[in-house]
2 protein chains.
Amino acid sequence: MIPWAKPHYWGREVELVNKALDSTWISGGSYVEALEDYFVENFDKKHALATSNGTTAIHLAFLGAGIEPGDEIILPGFCFLAAANIALHMGAVPVFCEVDENTWCMDVGDLEKKITNKTKAVIPVHTYGNVCDMDALMDLAQANDLIVIEDCAESLFSKYREKYSGEFGLISTFSFQATKTITTGEGGMVITNDDRIAERMRLFRSHGMNREKVVYWHELPGHNFRLTNIQAALGVAQLENRSQIIENRHRVYDLYKEKLGKIAGVQLQKINTNVDVLIWAIAVKLDVDQFVDTRDGIMTRMKNMGIETRPGFYASCMLNIYSAHKLPICEKVSSTIISLPSFPTLAEEQINFICDSLESLHS
Amino acid sequence: MIPWAKPHYWGREVELVNKALDSTWISGGSYVEALEDYFVENFDKKHALATSNGTTAIHLAFLGAGIEPGDEIILPGFCFLAAANIALHMGAVPVFCEVDENTWCMDVGDLEKKITNKTKAVIPVHTYGNVCDMDALMDLAQANDLIVIEDCAESLFSKYREKYSGEFGLISTFSFQATKTITTGEGGMVITNDDRIAERMRLFRSHGMNREKVVYWHELPGHNFRLTNIQAALGVAQLENRSQIIENRHRVYDLYKEKLGKIAGVQLQKINTNVDVLIWAIAVKLDVDQFVDTRDGIMTRMKNMGIETRPGFYASCMLNIYSAHKLPICEKVSSTIISLPSFPTLAEEQINFICDSLESLHS
């Protein structure tokens, strides 16, 4: 079976985890700081806070931004819906807008229509690594006095106009989950330039306490979103070999592009103008009329051929947990997408086998 | 400097972490299952769910119990206030009751006075390892139809009437933070006998998704409270040597008891009737009239002698983040307690030095 994702150690992963263990600094520690320093040094933001995962990173960003019950938060109706779920946890109202049917990123025209006087924030989710149309989005947010929180869980190292995704928002979040470009098993990061927000997030991350000042004094009702030093060590080792990881992700993407381009009825995600993409998940929209089966049927057949695939995210309007109006494009995109194994150590023969298998299901 | 706490590897910690790394199952995996199995096998509960830390364990328990905005939740005004903070995150109302001035656990008589028709749950927090008066508490909860959620972050392996703390509540939570009896760096556990609550918590722990059924289908607005396989491996190794850990914690406690018993103006935590205690933190109430300085002054002087100590938790009524009425006993306990280094590898000479140092500050 070719798995959909597969973590790989590129260098000192095992060595640094063992160093973290040897130090007995197994909760906080110097690798957490090193991981945060990498983001401060490489992204145009003053503050970086490591978190236990990408979802707690979003929760921390929302707390830092002061999202309150009743606030409306606009996000795409087609994406991994972590930000929508965190909005519900905070008593805020997720409002969903359409995506572009080719880029699968927020449709800024439709976003504009969703703005009300209760809108507090907009969450561009850079799905599969593609970056939203940030020029239009930032202009619109500024004109309407909206906070922008970028969800870069899937877009680490993708660029828009020479700037990394995550360098645009007031606050931006990343994920280091096991399938991600850089992994710490589970982990995340929040970055911002705002000193006050950074300080609030630092408190919310660890019980609302500033231990340097007083132990057990809760300045605000904090949570625990801390990343361990052991996990951070893994991430630091991965970042040491980021060039190799990026190069191999490009290699895999280029091979797929060449092969998939020759298959009728298969359309790759269109990359937005001005984007220098680092794809996290290679996904295609299927014209099922040209195939022997439905999208889900194709996935089952691929599985039987030894290939693990994933469907597109369910559109918000297809799920029962949101009171969401119909979003026809999101729904269409959702039901026709299939994402293929995309990890950076995929061999050319594996990619050929995957593409040939897909092609063999042509009607 | 003698630290307040110090993690120690008793056996296969490094080996099992490396096995987890080698497996490349760095997010979920077999060690997470083994850690959960240990709790199912050793505690009188059918379900155990590992979490990213003790605070997310409490959050998961509250979500599982269906705590809703406006619900009142009663907890002690003197304890580590994670449960109170999670209540605030969920829009619930933390209501604080007094503690007993000698056991520092919930005063069940005062608890009864705090019950209203909005009270949904009561949270016995087993502070420092002492177990609350569970007979009286469970009777009261049953008579008033209240959910009991035990916070056992500090009381793993302490027993009440031959049963472990955590075996009484509808849901119970544990912590494996770096200073705890069993550690995974950061980590936690939730146990329950209730099938429906367990299933809800399983969903809330991981995005509301049941991957076995459908990927990306959010059945409810889940969070991410998952523990990694790497951290779980550490915990599994610690549990293999639990007898040694427990034995050494008893050794340290017994040595302290003997030495501290001879110092006037120093009162150890009184252990509740029917409790077979495993102390997490050795704490004493100081009669400051018999010492050369205030409690905080004593702590500073101890630090200058090379001994790290911690103050008692701030009482809820001393903090600005809760709209809490005065709790004179909690406040008094809070301001007179000092907790001493309590880790299981403390040598007898270190304990003697700590006690002699404290005694030298007698007036």
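The structure presented is a predicted model; accordingly, all values stated were derived computationally and were not measured.

**Q** Hey, could you run me through the overall build of chain A in this one?
**A** On a plain count of helices and strands, chain A comes out with twelve helices and 14 strands. Relative to the 2.2 N^0.38 estimate, which gives 21 Å for 363 residues, the radius of gyration of chain A is 21 Å and therefore close to what a compact globule would have. C-alpha atoms of chain A, sized along the principal axes, occupy 70 × 55 × 35 Å.

**Q** Could you clarify how one ought to interpret the pairing of strand β5 (residues 147-151) of chain B in this entry?
**A** One face of the sheet, then the other: side chains in a regular strand alternate in exactly this way. Residues and elements named next belong to chain B. Counting buried residues along β5, five of its five residues qualify, which places the element largely inside the surrounding structure. Here β5 shows two buried faces, one formed by I147, I149 and D151 and the other by V148 and E150. Of the pairings in the sheet, the one linking strand β4 (residues 119-122) to β5 comprises two bridges and is parallel in character. Looking across to β5, one finds that V122 is bridged to V148. Relative to strand β8 (residues 171-175), β5 runs parallel, the two being bridged by three bridges. If you follow D151 over to β8, its bridge partner there is T173.

**Q** When you look at the packing of helix α3 (residues 54-65) of chain A against helix α4 (residues 82-89) of chain A in this model, what are you seeing that I'm missing?
**A** Residue and element names in this part refer to chain A. Where α3 contacts α4, the axes come no closer than 9 Å and their chain directions differ by 50 degrees. When the axis of α3 is compared with that of α4, the two are oblique. In the crossing of α3 with α4, the sense of the turn from one axis to the other is right-handed. Within the contact between the two elements, α3 uses G54, T55, I58, H59 and F62 and α4 uses A82, A83 and I86. Looking at the contact of α3 with α4 residue by residue, the class counts come to five nonpolar, three polar and no charged.

**Q** Looking at this structure, how should I read the relation of the copies chain A and chain B?
**A** Expressed as a screw transformation, the operator carrying chain A onto chain B has a rotation angle of 180 degrees and an axial translation of 0.0 Å, and the superposed copies differ by an RMSD of 0.0 Å. The operation mapping one copy onto its partner corresponds to a two-fold rotation axis. The residues that chain A uses at the interface reappear at the interface of chain B in 100% of cases, marking a shared surface.

**Q** What exactly am I supposed to notice about the sheet that holds strand β11 (residues 275-276) of chain B here?
**A** What the three strands build is an open sheet, ordered β7-β6-β11 (chain B); its pairing is antiparallel. A single partner strand is all that each edge strand has here, and the edge strands are β7 (163-164) and β11 of chain B.

**Q** Looking at this structure, I do not really get the interface of chain A and chain B. What am I missing?
**A** How big an interface is tends to be stated in terms of the accessible area lost upon association of its parts. Contact with chain A, which involves 45 residues of that partner, is made by 45 residues of chain B. Of all the secondary structure elements, the ones that give two or more residues to the side of chain A that touches chain B are α1 (13-23), α3, α4, α8 (229-240) and β13 (310-311) of chain A. Here the side of chain A that touches chain B is composed, by residue class, of 21 nonpolar, 21 polar and three charged.

**Q** Help me understand the domain arrangement of chain A in this model?
**A** Residue and element names in this part refer to chain A. Per the domain assignment, the segments of chain A are domain 1 (13-240) and domain 2 (242-359). Computed over C-alpha atoms only, the centres of domain 1 and domain 2 are separated by 25 Å. Every contact between the two is made by 32 residues of domain 1 and, on the other side, 29 residues of domain 2. The set of elements that each furnish at least two residues to the side of domain 1 that touches domain 2 consists of β3 (93-97), β6 (159-160) and α8. Here the side of domain 1 that touches domain 2 is built from residues that sort into 16 nonpolar, nine polar and seven charged.

**Q** Help me understand the sheet that holds strand β12 (residues 282-286) of chain B in this model?
**A** One key point about sheets: their strands pair by backbone hydrogen bonds, in either a parallel or an antiparallel sense. Residues and elements named next belong to chain B. Spatially, four strands are ordered β10-β12-β14-β13 in an open sheet, and the strand pairing comes out antiparallel. Strand pairing shows two members of the sheet lacking a second neighbour, β10 (266-268) and β13 (310-311), which therefore form its edges. In terms of strand pairing, β12 meets strand β14 (residues 337-340) through four bridges, oriented antiparallel. Paired with A283 across the two strands is S339, which belongs to β14.

**Q** When you look at the pairing of strand β1 (residues 47-51) of chain B in this model, what are you seeing that I'm missing?
**A** All names here are of chain B. Counting buried positions over the five residues of β1 gives five, a clear majority of the element. Across the two faces of β1 the burial is the same, with H47, L49 and T51 and A48 and A50 all buried. With five bridges joining them, β1 and strand β9 (residues 188-192) adopt antiparallel strand pairing. Counted as the bridge partner of T51 is G188 from β9.

**Q** For this particular structure, what's the right way to read the packing of helix α9 (residues 242-260) of chain B against helix α12 (residues 348-359) of chain B?
**A** The axes of two packed helices give the description: the angle between them and the distance between them. Residue and element names in this part refer to chain B. With their axes 10 Å apart at the nearest point, α9 and α12 run at an angle of 35 degrees to one another. Between α9 and α12 the crossing geometry is right-handed. Every residue of α12 that contacts α9 at V252, L255, Y256, K259 and L260 is listed here: E348, I351, N352 and C355. The residue inventory of the contact of α9 with α12, partitioned by class, reads six nonpolar, one polar and two charged.

**Q** I'm lost on helix α6 (residues 134-143) of chain B in this one. Help?
**A** In an α-helix there are 3.6 residues to a turn, and that puts residues three or four apart on one side. All names here are of chain B. Those residues of α6 that sit buried are M134, L137 and A141. Within α6, the buried residues cover an arc of 65 degrees as seen down the axis, which keeps them to one side. Residues of α6 that are exposed and point over 90 degrees away from its buried face: D139, Q142 and A143. Elements that come into contact with the buried residues of α6 comprise α5 (108-113), β4, β5 and β6 (159-160). In the segment just after α6, D145 is the residue with positive phi, at about 55 degrees.

**Q** What exactly am I supposed to notice about helix α12 (residues 348-359) of chain A here?
**A** Residue and element names in this part refer to chain A. A rise of 1.5 Å per residue sets the reference length of α12, with its twelve residues, at 16 Å; its end C-alpha atoms lie 16 Å apart and thus fit the reference within 8%. All buried positions along α12 are accounted for by I351, I354, C355 and L358. The buried residues of α12 occupy an angular sector of 90 degrees when the element is viewed end-on, so they sit on one face. Of the residues in α12, the exposed ones pointing more than 90 degrees away from the buried face are E349, N352 and D356. Contacts from the buried residues of α12 go to α9 (242-260), β10 (266-268), α10 (295-304) and β14 (337-340).

**Q** Help me understand unusual backbone geometry, please; the structure alone is not making it clear to me.
**A** Most peptide bonds are trans, and most residues other than glycine sit at a negative phi. Residues and elements named next belong to chain A. Its identity as a non-glycine residue notwithstanding, T24 has a phi of 60 degrees, on the positive side. Tracing the sequence through the fold places T24 in the loop between α1 and α2 (30-42). C-beta crowding within 10 Å serves as the criterion here: with 14 such atoms nearby, T24 is assigned to the partly exposed category. In the Ramachandran plot, D145 falls in the positive-phi region, its phi being about 55 degrees despite a non-glycine side chain. The topology assignment puts D145 in the loop between α6 (134-143) and β5 (147-151).

**Q** I keep staring at the environment of V14 of chain B and nothing clicks. Help me out?
**A** With respect to the secondary-structure elements, V14 of chain B resides in helix α1 (residues 13-23). For V14 of chain B and L234 of chain B, which are 220 residues apart along the polypeptide, the C-alpha to C-alpha distance reads 7.4 Å. Sequence-distant contacts of V14 of chain B, defined by excluding residues within four places in its chain, comprise N18 and L21 of chain A together with Y9 of chain B.

**Q** How should I be thinking about the environment of F96 of chain A in this particular structure?
**A** Residue and element names in this part refer to chain A. Position of F96 relative to the elements: it lies in strand β3. Counting along the chain gives 48 residues from F96 to A48, while the straight-line C-alpha distance between them is 28 Å. Not counting residues up to four positions away in its chain, the partners in contact with F96 are L75, P76, G77, S316, A324 and L327.

**Q** Is there a simple way to explain the environment of I147 of chain B in this structure?
**A** Residue and element names in this part refer to chain B. Position of I147 among the secondary structure elements: in strand β5. Exposure remark for I147: the 22 C-beta atoms within 10 Å place this residue in the buried category. When the C-alpha positions of I147 and A87 are compared, they lie 14 Å apart, and in sequence the two are 60 residues distant. Among all residues touching I147, those that are not within four sequence positions of it are A65, K120, A121 and L170.

Calculation criteria
- Residues numbered from 1 in each chain as written.
- Chains lettered and ligands numbered in written order.
- Predicted model: local features only at pLDDT ≥ 70, side-chain atom pairs only at ≥ 80, totals over all residues.
- Helix = DSSP H or I, 4+ residues; strand = E, 2+ residues; numbered from the N terminus.
- Rg over C-alpha atoms; globule rule 2.2 N^0.38 Å.
- Buried ≥ 20, exposed ≤ 12 C-beta atoms within 10 Å, placed from the backbone.
- Pairing = 2+ DSSP bridges.
- Axes fitted to C-alpha atoms, helices over the stretch in contact; angles between N-to-C directions.
- Parallel < 35°, antiparallel > 145°, perpendicular 65-115°, else oblique.
- Left-handed = near helix turned anticlockwise from the far one by under 90°.
- Contact = placed C-beta atoms within 7 Å.
- Nonpolar A, V, L, I, M, F, W, Y, C, P; charged D, E, K, R; others polar.
- Least-squares fit on C-alpha atoms with pLDDT ≥ 70 in both.
- Domains from an automatic or database assignment.
- Arc of directions from axis to C-beta.
- Expected span 1.5 Å × (residues − 1).

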